[in-house]
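# Observations on the three-dimensional arrangement
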Amino acid sequence: GDVAEVVTAKKGHVSHFFSVIVTFCGRGLVGVAGGKDILSRPRGATSFEARGTGGLQVYVTYDPRHLPKPEGSKRWPLDADTEVIVSLKAVSSAVNDNKVRVSYYDQTGHTRIAEAWVYITCVVLLDVVKSFTSFFFSPPQTKWTWGPDGQGAVLLVNCDRDGPSYGNMDCTYPYVRSHADLQDLSLVILNINSPAGIFDNHKLMLHISMFDAAKVRVFHAAKNTSVSNYENILGSDKLSYTVQPTDGRGEHTFYVEGLAFPDSDFNGFVSLNATLLEQTSSTSPATPVFTDTVVFQVAPWLMTPNTQRPLEIFVCSIDKGINSNEKFLEAIKHLAKKANCKLTICPEIENRGDRWIQDEMEFGYVEAPHQSFPVVFDSPRNRGLKEFPFKRILGPDFGYVTREPKNGRVSSLDSFGNLDVSPPVSVKGRDYSLGRILIGSSFPGSGNRKMTKVVRDFLYAQKVQAPVELYSDWLTVGHVDEFLSFVPAPGKKGFRLLLASPLACLKLFEEKQREGYGNAALKVGKITLNEILMDRNLRQDSKYVQSCIDWNRSILKRELGLTERDIIDIPQLFTLEGSTATALFPDMVNMLVLGKHLGIPKPYGPIIHGQCCLEVKVRSLLEPLGLSCTFIDDFFSYHVLSGEIHCGTNVLREPFSFRWWNIRL
């Protein structure tokens, strides 16, 4: 009377595969679909034969290297390592309506000395999961595999706010808040298809493990009731739920909700189990007959690189005397219009004087086959913009996530100007089709500033954009956007890496000096080219900074699979203040990338033939790639405050068309 059943749904197509494994060893028949001891080996038996009724297909599996297939009237030897697999063609119409006869024979193989009968009832527990709910099952269902041919179920963290405009994220409420909220959950249909009377002495239970309880929530959708009345059947305080008995037929609808992103203490996998239990008497405990398991992978938080199409620009409005950014905002408005991009300005009453909106948050997204929405990652820096991501960004179909250290200690490296992601790359035969996350850190073994562990752990746990750690602690502020950026470009890779380069800047200035322009001066301090090139301290600083950037250059080439042809050196000088470096003039690499339109800090370099020689050089490097360079004055509004255009803006970008579950890990 044992029941075994496996159901598969592959990319929207539903199929059924019902099987029982009958195991033989030296003692004879020892197990059926759950390991119950049924019959010991009859005395004198040396071989067997298995046959099934019309509703079954019976197969014998064996190792042909050690056992030839019997021919003619020969039987299978009992001492061999064989397994009998029984495949059911359809759901049972009555209890025990299918059976397998196992016949045992003596040494001659002709005399039958005993028989064993295995009665089988086929009950469908988990019949179908709608294709749009992101299920991709193939036996075994207890595994989740990555790649184009992978299998498993995808679950979203319900971290947006589809309910009222006030309150927390939807996943913090133990009920479904609205029909829009329901779209972020994964639909599971439990279709019971079994003989009448099966539940007279059986019951069906859904259950989760105690380890998954805080990561997932399941709702039972009742008919003719509002979504807010859907019953929360599984979660942190509910590990099991008994499905109400029927006459053997019935459909139950459930919605599964993700509550937590992958992290250092959570690999992102959760399981939903359906177990059929046999109740032989009212006084004895129920025993499990069969369990079907669905494994979900919680969708990771994904970042988008500069090469993705910009959708919306965010910038702060600051009105503080000489550091007011009113003219800067006008320039950004003009650039946003050229790029056909929406612009959102955070007023001073909301930013509370904090203009560094790039440092406060990072935009990304989550995706399942049935649903996708952007998710803002709120940094732990907690300055004037602390409330902005939660109060103004979180909303309908716009999620929120944050990570903060328990001790509250953060450094400048925890700001998200120190967090970037490369465009898609291929490295030594491995494709990073969603790019790789870049994190600024300290020199190996130095023990200096690093991004806080909880943030780094979160980024590493997302897996599909495998992080690369760079060396940024040599900078006073310490952010990777101070020395690198990516821009779209023609060609197979589709981008170029821009690196700040003191060496390229000194070479340019030496060239202009030889041309007779040694008295041309930078706006900063009115320093002439002659003075710059004669300054031993500046040259020594430049040598040190260049060595730090070259260290990162080597890492980026190795970890992103780049060559020198993929890298463009942007002229830039830095000076050391104590042991850390700051840009001498506006840092041109710290730019805003809006498709082919670039907003670049105006460097105010030496004027030669009526033009800034630094601007001319940068145009000559970037415009042949089809890029449009707009130099924006951020000198007093950002540069003198130790930041530039990228630091003062943030961009929501279009998600990748590539699906993260197709990445081979």
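Residues numbered from 1 in each chain as written. Predicted model: local features only at pLDDT ≥ 70, side-chain atom pairs only at ≥ 80, totals over all residues. Heavy atoms only, no water.

## Here's the deal with the UniProt feature "active site" (unreviewed entry) in the protein chain
Sequence positions flagged by UniProt for "active site" (unreviewed entry) are, in local numbering, Asp 359, His 479, Asp 481 and Cys 647. Sequence-wise these annotated residues cover 289 residues; spatially they are packed, their C-alpha atoms never more than 10.4 Å apart. Non-local contacts of Asp 359, meaning those with residues more than four positions away in its chain, are made with Ser 379, Arg 381, Ser 415, Phe 416, Gly 417, His 479 and Cys 647. Locating Asp 481 in the fold gives a position in the loop between strand 30 (468–471) and strand 31 (484–488). (UniProt positions renumbered as here; feature names shortened; annotations may be inferred. Contact = heavy atoms within 4.5 Å. Helix = DSSP H or I, 4+ residues; strand = E, 2+ residues; numbered from the N terminus.)

## A closer look at helix 9 (residues 536–560)
With 25 residues, helix 9 extends 35 Å from end C-alpha to end C-alpha; this agrees with the ideal 36 Å at 1.5 Å per step. Within helix 9, the full set of buried residues consists of Leu 538, Asp 541, Ser 542, Val 545, Gln 546, Cys 548, Ile 549, Asn 552, Arg 553, Ile 555, Leu 556 and Leu 560. Here helix 9 starts with a cap whose side-chain oxygen sits 3.0 Å from the backbone nitrogen of Asn 537, and that cap is Asp 535. Just downstream of helix 9 lies Gly 561, where phi reads positive at about 65°. (Expected span 1.5 Å × (residues − 1). Buried < 20%, exposed > 50% of the residue type's maximum accessible area, 1.4 Å probe, protein only. Polar contact = N/O pair within 3.5 Å; in protein donor to acceptor, adjacent residues only side chain to side chain.)

## Structural notes on the packing of helix 7 (residues 502–514) against helix 10 (residues 613–622)
Where helix 7 contacts helix 10, the axes come no closer than 11 Å and their chain directions differ by 120°. Between helix 7 and helix 10, the angle falls in the class oblique. Our pair here, helix 7 against helix 10, has a crossing hand that is right-handed. Residue-level inspection shows Cys 505, Leu 508, Phe 509 and Lys 512 of helix 7 in contact with helix 10, the latter providing Cys 613, Leu 614 and Lys 617. Taken together, the residues of the contact of helix 7 with helix 10 sort by class into 5 nonpolar, no polar and 2 charged. (Axes fitted to C-alpha atoms, helices over the stretch in contact; angles between N-to-C directions. Parallel < 35°, antiparallel > 145°, perpendicular 65-115°, else oblique. Left-handed = near helix turned anticlockwise from the far one by under 90°. Nonpolar A, V, L, I, M, F, W, Y, C, P; charged D, E, K, R; others polar.)

## Remarks on the domain arrangement of the protein chain
According to the domain assignment, the protein chain contains domain 1 (47–120), domain 2 (124–298) and domain 3 (302–662). The partner domain 3 presents 28 residues to the 29 residues of domain 2 that form the contact. Between domain 2 and domain 3, a total of about 2300 Å² is buried, with carbon and sulfur atoms accounting for 63% of that surface. Area buried by domain 2 at its contact with domain 3 is led by Leu 156, Arg 161 and Phe 261, which between them contribute 25% of it. Applying the counting rule to domain 2 against domain 3 returns 1 salt bridge. A salt bridge links Asp 263 to Arg 403, with the nearest nitrogen and oxygen atoms 2.7 Å apart. (Domains from an automatic or database assignment. Buried area = accessible area lost by both parts, 1.4 Å probe. Salt bridge = Lys/Arg side-chain N within 4 Å of Asp/Glu carboxyl O.)

## Section: the packing of aromatic side chains
Scanning the model with the defined rule gives 25 aromatic pairs in all. Ring centres 6.1 Å apart and planes at 5° place the aromatic pair Trp 144 and Trp 660 in the stacked group. With a gap of 516 residues between them, Trp 144 in the loop between strand 10 (135–136) and strand 11 (152–155) and Trp 660 in the segment after strand 41 (649–653) connect regions that are remote in the sequence. Of the two residues, Trp 144 and Trp 660, both sit in the buried class. For the ring pair Phe 377 and Phe 458, a centre distance of 4.9 Å and an interplane angle of 50° mean the geometry is tilted. You can see Phe 377 sitting in strand 24 (residues 371–378) and its partner Phe 458 sitting in helix 6 (residues 453–461), a full 81 residues away along the chain. Across the pair, Phe 458 and Phe 377 agree in class, each one buried. Here a set of aromatic residues connected by ring pairs shows up, and it is made of Trp 144, Trp 146, Phe 269, Trp 660 and Trp 661. Across the ring face of Phe 635, the terminal group of Lys 523 is positioned such that the distance to the ring centre comes to 5.1 Å. (Phe/Tyr/Trp six-rings, centres within 6.5 Å; stacked < 30°, edge-to-face > 60°. Lys NZ or Arg CZ within 6 Å of the ring centre and 35° of its normal.)

## Details of the sheet that holds strand 23 (residues 361–368)
A sheet is described by the order of its strands in space; here 4 strands give the open sequence 20-23-24-25, paired in mixed fashion. With one partner strand each, in any of the chains shown, strand 20 (302–303) and strand 25 (399–402) form the two edges of the open sheet. Where strand 20 and strand 23 come together, 2 bridges link them in antiparallel fashion. Each bridged residue has a counterpart across the sheet, and for Leu 302 the counterpart in strand 23 is Tyr 365. (Pairing = 2+ DSSP bridges.)

## Looking at the side chain of Asp 263
Here Asp 263 is to be found in the loop between strand 17 (249–258) and strand 18 (269–278). Overall, the relative accessible area of 13% leaves Asp 263 in the buried class. When neighbours within four sequence positions are excluded, Asp 263 is seen to be in contact with Arg 403, Asp 457, Phe 458 and Ala 461.

## Concerning the nonpolar core
Phe 254, Phe 296, Leu 459 and Trp 660 are the most contacted members of the largest nonpolar core, which totals 79 residues. In this structure, this core is formed jointly by two domains, domain 2 (124–298) and domain 3 (302–662), each of which donates at least three residues. Apart from the residues lying within four places of it in its own chain, the contact partners of Phe 254 are Ser 186, Leu 187, Val 188, Leu 190, Leu 206, Val 218, Phe 219, His 220, Ile 233, Tyr 241 and Val 243. By size, the runner-up hydrophobic cluster in this structure holds 65 residues, among which are Val 425, Ala 489, Ile 555 and Ala 581. (Core = buried A, V, L, I, M, F, W, Y, C linked by side-chain atoms within 4.5 Å.)

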